[in-house]
Amino acid sequence: MEGVIGLVNKIQRACTLLGDYGDDRTLPTLWDALPTIVVLGGQSSGKSSVLESIVGRDFLPRGSGIVTRRPLVLQLYKIEPGQQDYAQFLHTGNKKFLDFAMVRSEIQQETDRVTGKTKQISPLPINLSIYSPNVVNLTLVDLPGLTKVAVEGQPESIVQEIEDMVRSYVEKPNCILLAITPANQDVATSDAIKIAREVDPAGERTIGVLTKLDLMDKGTNALDVLEGRSYRLQHPWVGLVNRSQADINKNLDMVVARRKEREFFATSPEYGHLANRMGSEYLAKLLSKHLESVIKARVPAILSLINTSIDELEAEMSYLGRPVAIDASAQLYAILELCRAFDRIFKEHLEGGRPGGDRIYGVFDYQLPAALRKLPLDRHLAMQNVRKVVSEADGYQPHLIAPEQGYRRLIDGALNYFRGPAEASVDAVHFILKELVKKSIGETQELRRYPTLQAEIASAAIEALERFRSDSKKTVLRMVEMESSYLTVDFFRKLPQDADKGGSPISSSADRYTEGHLRRIGSNISSYVGMVSDTLRNTIPKAVVYCQVREAKRCLLDHFYTQLGKKEGHRLSQLLDEDPVLMERRQKCSRRLELYKSARDEIDSTLWGK
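Note that the structure is a prediction, hence the values are computed from the model and not measured.

J.: Quick question: what am I supposed to make of unusual backbone geometry here?
T.: Keep in mind that most residues, glycine aside, have a negative phi and that most peptide bonds are trans. Look at Lys212: it is not a glycine, yet its phi comes out positive at around 60°. Looking at the element boundaries, Lys212 is found in the loop between β7 (206–211) and α7 (223–226).

In structure tokens, the structure reads:
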């Protein structure tokens, strides 16, 4: 869980650093595609207390009226036990805040810097990361509290401005709503529930939180809400007990506050039976678990957006025009020598003179077999599915001796699962080769003077690797398809002989769809698929090495050399001395492209390791 959510946190932070958050690009941003939890509630609903309870620290400004006047993008990172908590703001660079009172002060000062010391609001977010062993990996967005009237110093339009800002976040389909409602308020009048009901009428994206349970009038309770009778959501409501203002004034330790909260629910006659799913600690774990499931469900859409964005960015790079090499005697010779120096170091990484190439063997020795073992073949060959496929293959005429069409359909379906590990092996090796290209460029001392040439070599190498990956994928997928196209006849011809030892394999019409008959079919197919799996486990690495590793050693820069030799002499200087404005523009585009490619590779890597 932590790996998947931590990956999303990392990508979101990278998006913000590169300006890929809230920009005016025509395509949706990568940030928008990533699931985010938005804290939604009216003023004085207990939003700040909820966030501080999840973090386990006092760090938010407090006061009467509107306190949160800019969105706060809060990213939580779980670190090793025993390490000290610290915070970092995006706008302060690498500065670490160890005193969380200073965090509160910095939030206030950064808010005032944009809005002035007034009660105005701004949609420009503050980005804060908190590292602690006492949190779970999460990204939360705290928004200004919804209000019904403007107070002194605010324009009348602020009520609508706050609602518009809130809606700009919660209307996104990847947004998870953390709807905060105080228990001493009728849920029917809750500002948070009103907005949530409009943007998420089915309650699929909403997690309801009921705060201030200890402040309800005596003789009343919130069981109708907590048990889903007043307003039902797809996810169960969570009740919290906030720290009182007196506790806050006394700087009551969060550990003590959490203990008091647990004791409240454990000893409460009304809520004791719900104690195991109440409280801030449970809420944090629930959010983390739910966020993980949402992320996993969104992975295909996220990857699709990333790939589309990569195509757009690469087109933009082409529009900007990459520096072109020039054919001009000594300069051309010098460039070729630099390329050979890079190529020599790259081969040393592959052949063992330098570290890195051994990781490719790890793909074949560990990752591929592990992926093959995890294929859902048991589910595919479960008796219910075998019965369904065989009966559908039979049609109106039950099979006479052996359900050949059922066999073929079941085998085709099972072998289709092998496409995933085959493609993943290609991608994993491609990822390693790309890393080795980058590392080799960095280790080539002669290239350090020529950043433009470095970029050209890297681009040419990655382009070549992409071609090798494409050829490799076609090859390994053909191997899987070949297994489906022609079955090993001898394997199935032996089955009647083996069956005769324990009885005739020919079943009567009476037992054609019995459990024993279907189990034999599943067992036979499982054995055959296991044989194919052993074959592919040995042949996929051969194909990958032949199409990718061997080609990378043999002709990584051949296409680059060909193009270089066709250029005219006056173009050569562009490889060594570019227009700074063009370089800066290309670098910005390249960084964004690198972010998207890195995001794709890291998502693949994280999912592969699961």
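J.: What is the right way to read the sheet that holds strand β8 (residues 238–239) from this model?
T.: In spatial order, the strands read β3-β4-β2-β5-β1-β6-β7-β8; together these 8 strands make up an open sheet with mixed pairing. With partners counted over all chains shown, the strands left at the sheet margins are β3 (86–89) and β8, one partner each. As paired elements, strand β6 (residues 175–182) and β7 share 6 bridges and run parallel to each other. Each bridged residue has a counterpart across the sheet, and for Thr181 the counterpart in β7 is Leu210. In the packing of helix α5 (residues 158–170) onto the sheet, contacts are made with β1 (36–41), β5 (138–142) and β6, and the angle to β1 comes to roughly 150°.

J.: Whenever I open this one, the pairing of β3 confuses me. Can you help?
T.: As a general feature of sheets, a regular strand has side chains that alternate between the two faces. Taking every second residue as pointing to the same face, both faces of β3 are buried, with Tyr86 and Gln88 on one and Ala87 and Phe89 on the other. By the bridge criterion, 4 bridges tie β3 to strand β4 (residues 126–132) in an arrangement that is antiparallel. Residue pairing for β4: Ala87 is matched across the bridge by Ile130.

J.: Can you walk me through the nonpolar core in this structure?
T.: Across soluble globular proteins, you tend to see nonpolar side chains buried next to one another. Membership of the largest hydrophobic core comes to 66 residues, with the highest contact counts inside it found for Phe342, Phe346, Val437, Ile457 and Leu556. Every element with two or more residues in this core is listed here: α11 (329–351), α12 (358–373), α14 (383–394), α15 (404–416), α16 (419–443), α17 (451–485), α19 (515–555) and α20 (558–564). By residue number, the principal contributor to this core is α19, which donates 13 residues. Ile457 has contacts with Cys339, Phe342, Ile441, Leu447, Leu557 and Phe560, leaving out every residue within four places of it along the chain. Membership of the second largest hydrophobic core comes to 38 residues, among which are Val38, Val73, Cys175 and Leu226.

J.: Would you take a moment to explain the pairing of β1 for this structure?
T.: β1 sits mainly inside the fold: 6 of its 6 residues count as buried. Summarising the sheet, β1 and β5 pair through 3 bridges and their orientation is parallel. Paired with Val39 across the two strands is Asp142, which belongs to β5.

J.: Is there a simple way to explain empty space enclosed by the protein in this structure?
T.: Over the atoms rolls a probe the size of a water molecule, and its path tells where empty space is left. Applying the stated criterion to the full structure yields 5 cavities of 30 Å³ or more. In this structure, the largest cavity spans a volume of roughly 120 Å³. Taken together, 14 residues form the lining of the largest cavity, with Pro61, Val67, Thr68, Ile107 and Thr111 sitting closest to its centre. Sorting elements by how many residues they give to the lining of the largest cavity places helix α4 (residues 100–115) first, with 3 residues.

J.: Just to check I follow, could you spell out the pattern of salt bridges for this structure?
T.: Opposite charge on two side chains permits pairing when their charged atoms draw close. Tallied over the full model, the rule gives 27 salt bridges. Between Asp112 and Arg69 there is a salt bridge; the shortest N-O distance is 2.8 Å. Here Asp112, found in helix α4, pairs with Arg69, found in the loop between α3 (47–55) and β2 (72–78); they are 43 residues apart in sequence, far enough to count as distant. One salt bridge connects Lys553 with Glu351, and the closest N-O pair in it is separated by 3.5 Å. Taken as a pair, Lys553 in helix α19 and Glu351 in helix α11 lie far apart in primary sequence, 202 residues in all. Classification of Glu351 by relative accessible area gives exposed; the value is 54%.

What counts and what doesn't
Residues numbered from 1 in each chain as written. Predicted model: local features only at pLDDT ≥ 70, side-chain atom pairs only at ≥ 80, totals over all residues. Heavy atoms only, no water. Helix = DSSP H or I, 4+ residues; strand = E, 2+ residues; numbered from the N terminus. Pairing = 2+ DSSP bridges. Contact = heavy atoms within 4.5 Å. Axes fitted to C-alpha atoms, helices over the stretch in contact; angles between N-to-C directions. Buried < 20%, exposed > 50% of the residue type's maximum accessible area, 1.4 Å probe, protein only. Core = buried A, V, L, I, M, F, W, Y, C linked by side-chain atoms within 4.5 Å. 1 Å grid on protein atoms, 1.4 Å probe; cavity = no way out; pocket = protein on both sides within 12 Å on 5 of 7 lines; lining within 4 Å. Points joined across faces, edges and corners; volume = space filled by probe spheres on them. Salt bridge = Lys/Arg side-chain N within 4 Å of Asp/Glu carboxyl O.

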